[in-house]
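Each chain, letter by letter, is given below.
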Amino acid sequence: MTYVVTDACIRCKYMDCVEVCPVDCFYEGENMLAINPNECIDCGVCEPECPAEAILPDTEGGLEKWLELNSTFSAQWPNVTRKNDQTPADADEHKGEEGKYDKYFSPEPGKGD
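Criteria and cut-off values
Residues numbered from 1 in each chain as written. Predicted model: local features only at pLDDT ≥ 70, side-chain atom pairs only at ≥ 80, totals over all residues. Heavy atoms only, no water. Core = buried A, V, L, I, M, F, W, Y, C linked by side-chain atoms within 4.5 Å. Buried < 20%, exposed > 50% of the residue type's maximum accessible area, 1.4 Å probe, protein only. Helix = DSSP H or I, 4+ residues; strand = E, 2+ residues; numbered from the N terminus. Polar contact = N/O pair within 3.5 Å; in protein donor to acceptor, adjacent residues only side chain to side chain. Contact = heavy atoms within 4.5 Å. Salt bridge = Lys/Arg side-chain N within 4 Å of Asp/Glu carboxyl O. Lys, Arg positive; Asp, Glu negative; His and termini not counted.

Student: Give a detailed account of the nonpolar core, specifying residues and quantitative values.
Tutor: The biggest cluster of nonpolar side chains holds 32 residues, and the ones touching the most others in it are Phe26, Met32, Leu33, Ile35 and Ile55. Listed by contribution, the elements that provide at least two residues to this core are β1 (3-5), α1 (16-20), β2 (26-28), β3 (33-35) and α2 (64-74).

The following block contains the structure:
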């Protein structure tokens, strides 16, 4: 098992999860984060820290797309180990918004550490 970041993170990217991760398995894209499933130790401390409720265990049904996306982009994006100033100013306006992947997803990398 691993945890995955879903589209609820897109345009929110609060990064509270990054602060508590004991193995630094988060990677930063332009407008969302990804978890490297090979590095995640399944501890679950990140899940309750996410204000957007974007982090879920991959054992929940229907998350195959997100497991693949996390795996792909965690290999391309820079590692991020602490909260930075990359949370969008309008993050709260996008919290809970539906269809964010189709509207806003960007494969571009973020800044990382």
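Student: Lay out the side chain of Ser106 in plain terms, naming residues and giving numbers.
Tutor: The topology assignment puts Ser106 in the segment after α4 (100-104). The class for Ser106 is buried, based on a relative accessible area of 9%. For Ser106, the side chain forms a polar contact with the side chain of Glu30, separated by 2.4 Å. A distance of 3.2 Å separates the side chain of Ser106 from the backbone nitrogen of Glu108, its partner in a polar contact. When neighbours within four sequence positions are excluded, Ser106 is seen to be in contact with Glu30, Asn31 and Trp77.

Student: Explain the pattern of salt bridges residue by residue, including any values.
Tutor: This model, assessed by the stated rule, comprises five salt bridges. Between Asp90 and Arg11 there is a salt bridge, with the nearest N and O atoms lying 3.0 Å from each other. Here Arg11 lies in the loop between β1 and α1 and Asp90 lies in the loop between α2 and α3 (91-94), a separation of 79 residues in the sequence. For Arg11, a relative accessible area of 24% puts it in the partly exposed group. Taking the shortest distance from any N to any O, the salt bridge between Lys103 and Glu97 comes out at 2.9 Å.

Student: An account of the side chain of Lys100 is needed here, citing residue identities and associated values.
Tutor: Structurally, Lys100 can be placed in helix α4. For the buried Lys100, no salt bridge exists, and the shortest N-O distance to an oppositely charged side chain is 5.9 Å, to Glu97. Engagement of the side chain of Lys100 in a polar contact is seen with the backbone oxygen of Ile10, the distance being 2.6 Å. Ignoring sequence-local partners within four residues, the contact set of Lys100 consists of Asp7, Ala8, Cys9, Ile10, Cys12, His94 and Phe105.

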